[in-house]
Amino acid sequence: MSAKGIFFLVAGPTAAGKTSVLKTLLERAKGLEKDISVTTRAPRPGEADGRDYRFWTRERFEQRLKQGDFLEHAVVHGMDFYGTLRGPIEARLDQGVDIIKDIDVQGVEQVRAKMPYPRSVAIFLAPPGPLELLDRFRSRGGETEEALQRRLASATKEVRRIGEYDYLVWNEVIESAVEEIEAIRRAERARSEGRTQDAADAARTADAARRERREAAFRKAWHVDD
Ligand code: 5GP
């Protein structure tokens, strides 16, 4: 493989199903790896250090930040630090491996400033409407009502920025969302390998047409008609 890998950024409100979609995708896709984020938040039951996240102390995070080791970082939900280490990603991309990660909107912005499209490709995984999202938050359990409301407020803020993404994937059925991301990756890989630029352009054009209809429905569901 001579072309460099592509960095796929998957954003969208928490509980939009990003974790399940990425898990299924990663089980199937070849030459695609997940970036493991660093976070200062505590592990949830069932989460393992080095697999789900790198769970670091605030001091360690701040020290590596000072050393310039993060490609991006953000405070998410006004509380915890999350970030992407520069070293492991750059090494794998140079080897032609594609990387995918779950990231928040602030992270997307920072990565894109340093690695603009098509080196990085930003995908917004759109959740259903706010009520369904709140139900999903609740069914996960383990969080106070205040924390849930904070998540909903973050979700609404993120939804307002869907226009900034390269692709919009509607996440009602996991399987379809996974297939759409696979198709996006095929098209973007073809472009980066210089094989079929036309195919990539066609995929993006088709996506743009679908996207217009979807975005309208989406904005209505979320009451964001600005
Ligand atoms: P959670 O705590 O529910 O696992 O994740 C909270 C949020 O942090 C999610 O929206 C997720 O996309 C975001 N996130 C996870 N890793 C990173 C990261 O490395 N950088 C940034 N900016 N956000 C991240």
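Here we summarise the structure given alongside this text. Predicted, not measured: the structure shown is a model, and the values here were computed from it. What you see as residue numbers is a count from 1 along each chain, following the sequence as written. Given that this is a predicted model, residues contribute local features only at a pLDDT of at least 70 and side-chain atom pairs are listed and counted only at 80 or more, while totals for whole chains, interfaces and linings are drawn from all residues. Note: side-chain values were computed over all heavy atoms of the structure, leaving out hydrogens and water.

**Observations regarding the site of the ligand**
Moving on, step 1. Whether a residue is near a molecule or strand is decided by its heavy atoms; if any one of them lies within 4 Å of it, the residue is near. Around the ligand, the surrounding shell holds 19 residues, and the nearest of these are R41, Y53, Y82, K101 and D102.
Moving on, step 2. Between an oxygen atom of the ligand and a side-chain N or O atom of Y82, the distance comes to 2.4 Å.
Moving on, step 3. Side-chain polar atom of D104 to a nitrogen atom of the ligand: 2.7 Å apart, as the coordinates give it.
Moving on, step 4. Contact with the protein chains removes 97% of the 520 Å² of surface that the ligand exposes when unbound.
Moving on, step 5. Per-class residue counts for the shell around the ligand are 5 nonpolar, 6 polar and 8 charged. Polar contact is the term for a pair of N or O atoms within 3.5 Å; when the atoms are in protein, one must be able to donate a hydrogen and the other to accept it, and sequence-neighboring residues count only if both atoms are side-chain atoms. Accessible surface is estimated by sampling points in the Shrake-Rupley manner with a 1.4 Å probe; for residues, cover comes only from the protein chains shown. Polar here means any residue outside two lists: the nonpolar Ala, Val, Leu, Ile, Met, Phe, Trp, Tyr, Cys and Pro, and the charged Asp, Glu, Lys and Arg; Gly therefore counts as polar.

**Considerations on the sheet that holds strand β6 (residues 80-85)**
Moving on, step 1. Across the sheet, 4 strands lie side by side as β4-β3-β6-β5; this open sheet has mixed pairing. Both outer strands of the open sheet, β4 (54-55) and β5 (70-76), are each paired with one neighbouring strand and no more.
Moving on, step 2. Pairing of strand β3 (residues 38-39) with β6 involves 2 bridges; the strand directions are antiparallel. By the bridge assignment, V38 is partnered in β6 with G83.
Moving on, step 3. We call two residues in contact whenever any of their non-hydrogen atoms come within 4.5 Å of each other. Lines are fitted to the C-alpha atoms to define the axes, a helix being fitted only along its stretch in contact, and any angle between axes, read from their N-to-C directions, falls within 0 to 180 degrees. Per the convention used, a helix needs a DSSP run of H or I reaching at least four residues, while a strand needs a run of E reaching at least two, with both numbered from the N terminus. Sitting on the sheet, helix α2 (residues 58-66) is in contact with β3, β5 and β6, with an inclination near 45° to β6.
Moving on, step 4. In the packing of helix α3 (residues 86-94) onto the sheet, contacts are made with β4, β5 and β6, and the angle to β6 comes to roughly 30°. When DSSP finds two or more bridges between a pair of strands, those strands are recorded as paired.

**Description of unusual backbone geometry**
Moving on, step 1. For the peptide bond that leads from Y117 to P118, omega is 10°, which places it in the cis range.
Moving on, step 2. Here P118 lies in the loop between α4 (105-114) and β8 (120-126).

**Considerations on the packing of helix α1 (residues 18-28) against helix α7 (residues 174-192)**
Moving on, step 1. As a packed pair, α1 and α7 sit with axes 9 Å apart at the nearest point and diverge in direction by 55°. If you check the angle between α1 and α7, you find them oblique. Considering the relative orientation of α1 and α7, their crossing is right-handed. Of α7, the residues touching α1 (which contributes S20, V21, T24, L25 and R28) are I174, E175, A177, V178, I181 and E182.
Moving on, step 2. The residue makeup of the contact of α1 with α7, split by class, is 6 nonpolar, 2 polar and 3 charged. For classification purposes, angles smaller than 35 degrees are called roughly parallel, those larger than 145 roughly antiparallel, those between 65 and 115 roughly perpendicular, and all remaining angles oblique. Note: crossing handedness is left-handed where the near helix turns anticlockwise from the far helix by less than a right angle, and right-handed where it turns clockwise.

**Considerations on the pairing of β8**
Moving on, step 1. Burial runs high along β8: 7 of the 7 residues are buried.
Moving on, step 2. Per-residue accessibility, obtained with a 1.4 Å probe over protein chains only, is compared with the maximum for each type, and a residue is labelled buried under 20%, exposed over 50%, and partly exposed between these values. In β8, alternate side chains face the same way, and those of S120, A122, F124 and A126 on one face and V121, I123 and L125 on the other are all buried.
Moving on, step 3. Across 4 bridges, β8 lies against strand β9 (residues 167-170) in parallel orientation. Looking across to β9, one finds that F124 is bridged to L168.

**A closer look at the nonpolar core**
Moving on, step 1. In plain words, nonpolar cores are sets of buried Ala, Val, Leu, Ile, Met, Phe, Trp, Tyr and Cys residues tied together by side-chain atoms within 4.5 Å. Counting residues in hydrophobic clusters, the biggest one holds 28 residues, and the most contacted among them are F7, V108, V111, F124, Y165, F218 and W222.
Moving on, step 2. Of all the secondary-structure elements, those providing two or more residues to this core are β1 (7-11), α3, α4, β8, α5 (130-140) and α6 (145-159).
Moving on, step 3. Ranked by residues supplied to this core, first place goes to α6 with 4 residues.
Moving on, step 4. Other than its neighbours up to four places away in sequence, V111 contacts F7, L9, L71, E72, I103 and S120.
Moving on, step 5. Ranked by size, the runner-up nonpolar core spans 18 residues in total, among them L22, V169, V178 and I184.

**Some words on the sheet that holds β8**
To summarise the sheet geometry, strands pair through backbone hydrogen bonds and adopt either a parallel or an antiparallel arrangement.
Moving on, step 1. Pairing in this open sheet of 5 strands is parallel, and the strands run β2-β7-β1-β8-β9 from one edge to the other. The open sheet has two edge strands with one neighbour each: β2 (32-34) and β9. Adjacent strand axes in the sheet meet at a mean angle of 25° when their direction is disregarded.
Moving on, step 2. Pairing analysis gives 5 bridges linking β1 to β8, with the strands arranged parallel. Of the residues in β8, the one forming a bridge with F7 is S120.
Moving on, step 3. Together, β1, β2, β7 (98-102) and β8 form the strand contacts of α1, whose direction differs from that of β7 by roughly 160°.
Moving on, step 4. Each of β1, β2, β7, β8 and β9 touches α7; the most contacted strand, β9, lies at about 160° to it.

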